[in-house]
Amino acid sequence: KRPQSACSLRSTCPYCGVGCGVLLAVDDQGALEVRGDPDHPANFGRLCSKGSALSETVSLDDRLLTPRVHGQDTDWDSALDLVATTFKDTIAKHGPDSVAFYVSGQLLTEDYYVANKLMKGFIGSANIDTNSRLCMASTVAGHKRAFGTDTVPGTYEDLDEADVIVLTGSNLAWCHPVLYQRILATRKARPDQKLVVIDPRRTASCDLADLHLPLALGSDVALFNGLLAEIEKRGLIDAEFAKYVSGLDAALVSARADDLAATGLSDDVLAEFFDLWCGTKKVVTIFSQGVNQSSSGTDKVNAITNCHLATGRIGKPGMGPFSVTGQPNAMGGREVGGLANMLACHLDLENADHRNAVKDFWSAPVMPEVAGLKAVEMFKAVGEGKIKALWIIHTNPAVSMPDADKVRDAIAGCDFVVVSDITVATDTARLAHVLLPATGWGEKDGTVTNSDRMMSRQRAVLPAPGLARPDWHQLAEVGRRMGFNAAFEYETPAEIFREYAALSGIAGGFGRDFDISGLADLSNTAYADLAPTRWPVSSGKKGGRFFADGGFFTPDGKGRMLPVAWKPPVAKTEKRYPFRLNTGRIRDQWHTMTRTARSPRLSAHLAEPFVEIHPEDASAQGIGPTALVLLKTPNGRAIVRAMITDRTPKGEVFVPMHWTGENAPSGRIDALVPSVTDPISGQPESKGAVVSVTPF
Ligand code: SF4
């Protein structure tokens, strides 16, 4: 049992990018109570099933409580010395690109900042990437192409003000439930607000929608190009806003030429969608993993932004493209530059002025001049022996990466693997040479940024168990032991945050969007009390929306429309693999279930890995209800329970991405997903594999 800690304070949920505020209290028996924070602007007191079950997930079962080296408990000094010495020796022998960090959207901003600073400024490599690569890298790339920076133009208030909300590639009802509840509350008060869902599956988000477009998997570019051509045909190009936009003509040429038939949608459904979108000024298009996790994810994002730029429906109340992020701090990771191709504060790694400014600010000895290895490339390099020392922080790539069996084998064969986590019970932790016990949600202290740029504090209400330490502390200790003492003398997350905020002033000086320099002088008390704050926070701009009157962050200040054309998923169905495999989340589990599986209530929703299959396909394959089903792709196999439903279209199957384990039923589904990526964003095509489906 945990020791008692009498506290009651505000924090945030550690799961999805909605970023809900929670109120935490610990009773005199040491039990944690979690309620929705009625004053947090992301959720106004609402919580979904996962958030409201948080108190059931903080037991110390399977917790990693002491550092371990080769399976033996040890003390911090021994473990940290070994990590620092091995990284230093490896760099001395093989160069800085022989080491890598693979981090996570579960990190707090302060953790992320220190990891990025250590790798890019002091080790001198850009080999730091994050599991956010699997989540929203295509949005980052699409935003940068369209806006010049990775900027979310709107805010959650736009969902309240929109007259039409389009969800594309987003099962918001299950994956961002509190935002979905927010939309339902608006529709109750204002029944004229329309909801459109674009998804091959008839998901829970469709249940209350006015219109569902069951498009062919991966055909979003064709659909939004069709919409853009229709916008032009109806004379709805905003001539006034067009002066803020470049690339209109080329985008229109591509849009007119694209193949709307690729969507497989009927003329009636298309006409209804076009009428709604074109006939309504206040449209928000929400998109998520169904758009991002694709070999043409970046083009999909730009097909959406094209429609909003063409009509000037961006950055104004109730209008705009809106990316919702999967993880609690995917946005914070993007902001600190925790991706292999980014710098810090939305500055560009490959821009010499930006790079030198950050180098000077950090007093860094070296800075990489080119992007590092993105996640899929990184684990290939591990498998090829090019990465010889790897530090994995709060993520489980042996399960969650595409081609997961190969990734697991690559990690197992790596010379030196460090894993920082809260638990020993992950497939990745089992492969580590050094295990570092980290503080987890409820025990750690810092900030996160949600999908609408709201920075909120995550606060510690529980004491750190055993010898667990915060990630920023582990990283800073290794930095100091590698000889970079002055740069990593942090005592508190507040110090790190102030440094980060000051650095963002440089980004502001370069005319970038991410500027929180107005927070650079926060006292420790003000940091401790920091209320949810939407960036930017500078003398020039506070919170609010971007781009209503242009002001894009491209060299000419114009928003860019891109000529994009539909491409099918890379893998082709064939006789041996006749089905298309779609993967995604379920309502009550999170990632590889290391936390949510601790709650019996959450596990009761869907207790086993399963495959959704259409009744006609099940019948043709001889698969009965609840039968065990063997799924095979050229990459791997899984055995899961049949869930026969017409919510999934014929010719496609859907399997959730959470389960691990080797025994039947075994839903280690990412072992089946090939490591095909979007060539621009590097994001894997997690929804486009081809698969055989037979009775087990
Ligand atoms: Fe947590 Fe997301 Fe649920 Fe909010 S919607 S309670 S952030 S999982």
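Residues numbered from 1 in each chain as written. Predicted model: local features only at pLDDT ≥ 70, side-chain atom pairs only at ≥ 80, totals over all residues.

Draft legend 1. Region of interest: the site of the ligand. Taken together, 14 residues surround the ligand, and among them Cys 13, Tyr 15, Cys 20, Cys 48 and Gly 51 come closest. Mapped onto the shell around the ligand, the elements with two or more residues apiece are helix H1 (49-52) and helix H7 (177-189). The residue makeup of the shell around the ligand, split by class, is nine nonpolar, four polar and one charged. Residue contributions to the shell around the ligand reach at least three from each of two domains, namely domain 1 (8-57) and domain 3 (137-324). (Near = placed C-beta within 6 Å. Helix = DSSP H or I, 4+ residues; strand = E, 2+ residues; numbered from the N terminus. Nonpolar A, V, L, I, M, F, W, Y, C, P; charged D, E, K, R; others polar. Domains from an automatic or database assignment.)

Draft legend 2. Examining the nonpolar core more closely. With 209 residues, the main nonpolar core has Ala 115, Ile 165, Leu 390 and Val 611 as its most contacted residues. The element that contributes the greatest number of residues to this core is helix H3 (residues 109-123), accounting for eight residues. The contact partners of Val 611, leaving out residues within four places of it in the chain, are Val 629, Leu 631, Val 640, Ala 642, Met 643, Val 653, Val 655 and Val 693. (Core = buried A, V, L, I, M, F, W, Y, C linked by C-beta atoms within 7 Å. Buried ≥ 20, exposed ≤ 12 C-beta atoms within 10 Å, placed from the backbone. Contact = placed C-beta atoms within 7 Å.)

Draft legend 3. Fine view of the confidence of the model for the protein chain. The pLDDT averaged across the protein chain works out to 95; a share of 98% of its residues lies at or above 70. Across residues 1-7, where pLDDT falls below 50, the model places 18 contacts with residues more than four positions away in sequence or in other chains. Two summary scores accompany this predicted model of the complex, namely pTM at 0.96 and ipTM at 1.00. (pLDDT = per-residue confidence, 0-100.)

Draft legend 4. Helix H19 (residues 493-509), seen in detail. Helix length check: H19, at 17 residues, gives a terminal C-alpha distance of 25 Å against a target of 24 Å (1.5 Å per residue), a fit within 8%. All of the buried residues along H19 are Pro 493, Ala 494, Ile 496, Phe 497, Tyr 500, Ala 501, Leu 503, Ser 504, Ala 507 and Gly 508. Positioned one or two residues after H19, Gly 511 has a phi angle of 75°, which is positive. (Expected span 1.5 Å × (residues − 1).)

Draft legend 5. Representation of the sheet that holds strand S26 (residues 689-695) in the model. An order of S21-S25-S22-S24-S23-S26 is seen for the six strands of this closed barrel, with the pairing classed as mixed. Each strand of the sheet is rotated relative to its neighbour by a mean of 45°, with strand direction disregarded. Across three bridges, the pairing between strand S21 (residues 579-584) and S26 is antiparallel. Residue pairing across strands places Arg 580 opposite Val 690, the latter belonging to S26. (Pairing = 2+ DSSP bridges. Axes fitted to C-alpha atoms, helices over the stretch in contact; angles between N-to-C directions.)

Draft legend 6. Structural context of the sheet that holds strand S13 (residues 320-323). Pairing within the open sheet is parallel, and its five strands lie in the order S10-S9-S8-S12-S13. Edge positions in the open sheet fall to strand S10 (211-213) and S13, since each of these has one partner strand only. Across this sheet, the average inter-strand angle for adjacent strands is 20°, counted without regard to direction. With five bridges joining them, strand S8 (residues 164-168) and strand S12 (residues 283-287) adopt parallel strand pairing.

Draft legend 7. Main features of the environment of Tyr 500. Relative to the helices and strands, Tyr 500 is located in helix H19. For the pair Tyr 500 and Ser 52, spaced 448 residues apart in sequence, the C-alpha separation works out to 32 Å.

Draft legend 8. Fine view of the domain arrangement of the protein chain. Domain boundaries assigned for the protein chain yield domain 1 (8-57), domain 2 (68-134 + 329-489), domain 3 (137-324) and domain 4 (579-695). Computed from C-alpha atoms alone, the centre-to-centre distance between domain 3 and domain 4 is 27 Å. Contacts between the two partners involve 22 residues from domain 3 and, on the opposite side, 23 residues from domain 4. Sorting elements by how many residues they give to the side of domain 3 that touches domain 4 places helix H4 (residues 137-147) first, with four residues. Among the residues making up the side of domain 3 that touches domain 4, the classes are represented as eight nonpolar, twelve polar and two charged.

Draft legend 9. Expanded view of the environment of Ala 689. With respect to the helices and strands, Ala 689 occurs in strand S26. In this structure the C-alpha to C-alpha distance between Ala 689 and Pro 569, which are 120 residues apart in sequence, comes to 8.0 Å. For Ala 689, the residues in contact, after removing those within four places along its chain, are Ala 571, Leu 581, Thr 633, Leu 672, Val 673 and Pro 674.

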